[in-house]
Amino acid sequence: MAYITQNSAGIPAPVRIGLIGSGWMGAFHAESIARRVPGAVLAAIADPNVESAEALARSLGTAKVTPNAEDILADPEIDAVIIASPARFHSSLIAQAAAAGKHVFCEKPAGQGLDELDAALAAVEASGVHFQVGFNRRYAEDFLAAKKDLAAGVAGTPQLLRSLTRDPGKGSIPNAARVPAWTIFLETLIHDFDTLNWFNEGAEPVEVYAVADALVEPGLRDQGFLDTAVVTIRYSNGAIAVAEANFSALYGYDIRGEVFGSKGMVQAGRATETAARRFTADGMSADTPRLNVELFRQAYTDELADFAAAVRAKRDSLPPSSSAVTLTPGAADARRALAMALACIESVKQGAPAPVPALAASAVEYAGEKS
């Protein structure tokens, strides 16, 4: 029989999570685990920038800090890890964590190439650990409501889909010259690709045509910098989707999605912070969110709560939680979205449509891991 891990009071033991990477997103995830996710404990922080990790640990009451991720992976008291390191380390860390028997939550993208990601996901499959990728839009209240409507057939058969990401800005991009190449596809539009795949569940993306340019920072165009992009996607069920992104929306952080189908239309997201409007002599105005952690604060919390619940279920041999719709983004979702991003890069390079690499047979099997 399997034992349920409990403390002396008979309460199930908390899920002990180690954080790898204490930058902007890692620090926010750490705060969420420490303060907003019941039943989870931030057990340790690893970052080569020890000063940053120590400052975060002090603010959250975490005792263990190390410059080496290997220390967290070797810690028998830690159940799971959150990987929030630079993207170039993601696949390697996923594989190492899985080999160490740690359940894995990894920020997107889960890799920078399909070969390295496939190797990491093979390690996940071999170890049997739970794997989740940070596509937080699925947990946003309005996007989840739209998904439930789509699952109920409200829009009928999807025909046209749209998803957009417009990051807040001031008409210029600080440190733009230091932004890694192809960020707009690998780290921004990859969210839109997952949203579109999730909204058009059951269909596979087969081809993309991407157009991108430096319209916010035209002086960096010759260096290969891209801050604006539009992608057309064709799906196996005939649906056509458009994803767009820009790095500098003066009015705030703007995330929206839409599905038009044979029976109607479903929309998610809005550019305003609330539905409130002001009508004065100066015209109409409304507040808009300025940060991802403002717009998606609850979604970031809920995705980690979902992760912690799945880890607890595996650790204690409990029945997995159920959902009315497919929710948890897993290995197949991580690979599918990355394949689309890489196809977009190829499309821009060639100035022509590019095929989306199909899911490997093993990747299709990963879909079974979802909650």
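Residues numbered from 1 in each chain as written. Predicted model: local features only at pLDDT ≥ 70, side-chain atom pairs only at ≥ 80, totals over all residues. Heavy atoms only, no water.

Focus on the overall build of the protein chain
The helix and strand tally for the protein chain stands at 11 helices and 15 strands. Here the C-alpha radius of gyration of the protein chain, 21 Å, is about what a compact globule of 371 residues would show, namely 21 Å. With respect to the three principal axes, the spread of C-alpha positions in the protein chain is 60 × 45 × 40 Å. Each of the 371 residues in the protein chain was classed as buried or not, and the buried ones make up 51%. (Helix = DSSP H or I, 4+ residues; strand = E, 2+ residues; numbered from the N terminus. Rg over C-alpha atoms; globule rule 2.2 N^0.38 Å. Buried < 20%, exposed > 50% of the residue type's maximum accessible area, 1.4 Å probe, protein only.)

Things to note about unusual backbone geometry
The residue after Lys108, namely Pro109, is reached through a cis peptide bond having omega -15°. One non-glycine residue, Asn175, lies in positive phi territory at about 55°. Among the secondary structure elements, Asn175 is positioned in the loop between strand E7 (158–168) and helix H7 (183–199). Residue classification places Asn175 among the exposed residues on the basis of a relative accessible area of 52%. In this structure, Ser317 takes a positive phi of about 55° despite not being glycine. Counting through the fold element by element, Ser317 comes out in the loop between helix H9 (297–315) and helix H10 (331–350).

Structural notes on the environment of Arg335
With respect to the helices and strands, the residue Arg335 is situated in helix H10. Distance in space between the C-alpha atoms of Arg335 and Gly111 is 8.4 Å, their sequence separation being 224 residues. Reaching out from Arg335, the side chain makes a polar contact with the side chain of Asp118 at a distance of 2.6 Å. (Polar contact = N/O pair within 3.5 Å; in protein donor to acceptor, adjacent residues only side chain to side chain.)

Focus on the environment of Lys349
Tracing the chain through its elements places Lys349 in helix H10. Given a relative accessible area of 54%, Lys349 falls into the exposed group. Separated by 12 residues in sequence, Lys349 and Ala337 have C-alpha atoms that sit 19 Å apart.

Topic: the packing of helix H1 (residues 24–35) against helix H2 (residues 50–60)
Packing of H1 against H2 leaves a shortest axis separation of 10 Å and a crossing angle of 25°. The angle between the axes of H1 and H2 places the two elements in the roughly parallel class. Our pair here, H1 against H2, has a crossing hand that is right-handed. Residues Ala27, Ala30, Glu31, Ala34 and Arg35 of H1 form the contact with H2, whose own contacting residues are Leu56, Ser59 and Leu60. Class assignment for the residues of the contact of H1 with H2 results in five nonpolar, one polar and two charged. (Axes fitted to C-alpha atoms, helices over the stretch in contact; angles between N-to-C directions. Parallel < 35°, antiparallel > 145°, perpendicular 65-115°, else oblique. Left-handed = near helix turned anticlockwise from the far one by under 90°. Contact = heavy atoms within 4.5 Å. Nonpolar A, V, L, I, M, F, W, Y, C, P; charged D, E, K, R; others polar.)

What to know about a nonpolar patch on the surface
Together, Leu160, Phe260 and Met265 line one region of the surface with nonpolar side chains, adding up to about 280 Å² of accessible area. Inspection of the secondary structure puts Met265 in strand E12 (residues 265–268). (Patch = residues over 30% accessible without salt bridge, like charges linked within 9 Å, V, L, I, M, F, W, Y side chains within 5 Å. Areas by Shrake-Rupley, 256 points an atom, 1.4 Å probe, with all protein chains shown as cover. Salt bridge = Lys/Arg side-chain N within 4 Å of Asp/Glu carboxyl O.)

Some remarks on the side chain of Asp306
Looking at the secondary structure, you find Asp306 in helix H9. Looking at Asp306, its side chain comes within polar contact range of the side chain of Tyr139, at 2.4 Å.

A word on the pattern of salt bridges
Enumeration over the complete set of coordinates arrives at 19 salt bridges. In this structure, Glu77 and Arg16 form a salt bridge, with 4.0 Å as the shortest nitrogen-oxygen distance. You can see Glu77 sitting in the loop between helix H3 (69–73) and strand E4 (80–83) and its partner Arg16 sitting in strand E1 (residues 15–20), a full 61 residues away along the chain. Judged by relative accessible area, which is 44%, Glu77 ranks as partly exposed. Note on Arg16: relative accessible area 26%, which makes it partly exposed. Its salt-bridge partner being Glu77, residue Lys64 comes within 3.5 Å of it at the nearest N-O pair. Taken together, the positions of Lys64 in strand E3 (residues 64–66) and Glu77 in the loop between H3 and E4 put the pair 13 residues apart, joining distant regions of the chain. Among the charged side chains, a network of salt bridges with common partners joins Arg138, Asp194, Glu204, Asp333 and Arg336.

So, the sheet that holds E12
One open sheet accounts for seven strands, arranged E12-E11-E7-E10-E9-E8-E15; its pairing is mixed. Looking along the sheet, the strands with just one partner apiece sit at the ends: E12 and strand E15 (354–355). In this sheet, strand E10 (residues 240–249) lies alongside strand E9 (residues 228–235) in antiparallel orientation, the contact comprising seven bridges. Bridging from a neighbouring strand, Val230 pairs with Glu244 of E10. Helix-sheet contacts for helix H6 (residues 141–151) involve strand E11 (254–261) and E12, and the interaxial angle to E12 is about 165°. The strands touched by H7 within the sheet are E7, strand E8 (205–213), E9, E10 and E11, with E10 carrying the most contacts at an inclination of about 140°. (Pairing = 2+ DSSP bridges.)

Considerations on H1
Every α-helix winds through 3.6 residues per turn, so residues three or four apart in the chain are directed the same way. Its 12 residues place the ends of H1 17 Å apart at the C-alpha level, agreeing with the 16 Å of an ideal helix rising 1.5 Å per residue. Looking at H1, one finds that the buried residues are Met25, Gly26, Phe28, His29, Ala30, Ser32 and Ile33. (Expected span 1.5 Å × (residues − 1).)

A word on the nonpolar core
Ranked by internal contacts, the top residues of the largest apolar core, which has 86 residues, are Ile94, Phe131, Phe185, Leu189, Phe193, Val231 and Ile233. Broken down by element, the residue count for this core peaks at 10 residues, all from H10. Discounting chain neighbours no more than four positions away, the residues touching Ile233 are Phe193, Leu196, Pro205, Glu207, Val208, Ala239, Ile240, Ala241, Ala243 and Met340. If you look at the next biggest cluster of nonpolar residues, it comprises 21 residues, including Ile33, Leu56, Ala57 and Ala308. (Core = buried A, V, L, I, M, F, W, Y, C linked by side-chain atoms within 4.5 Å.)

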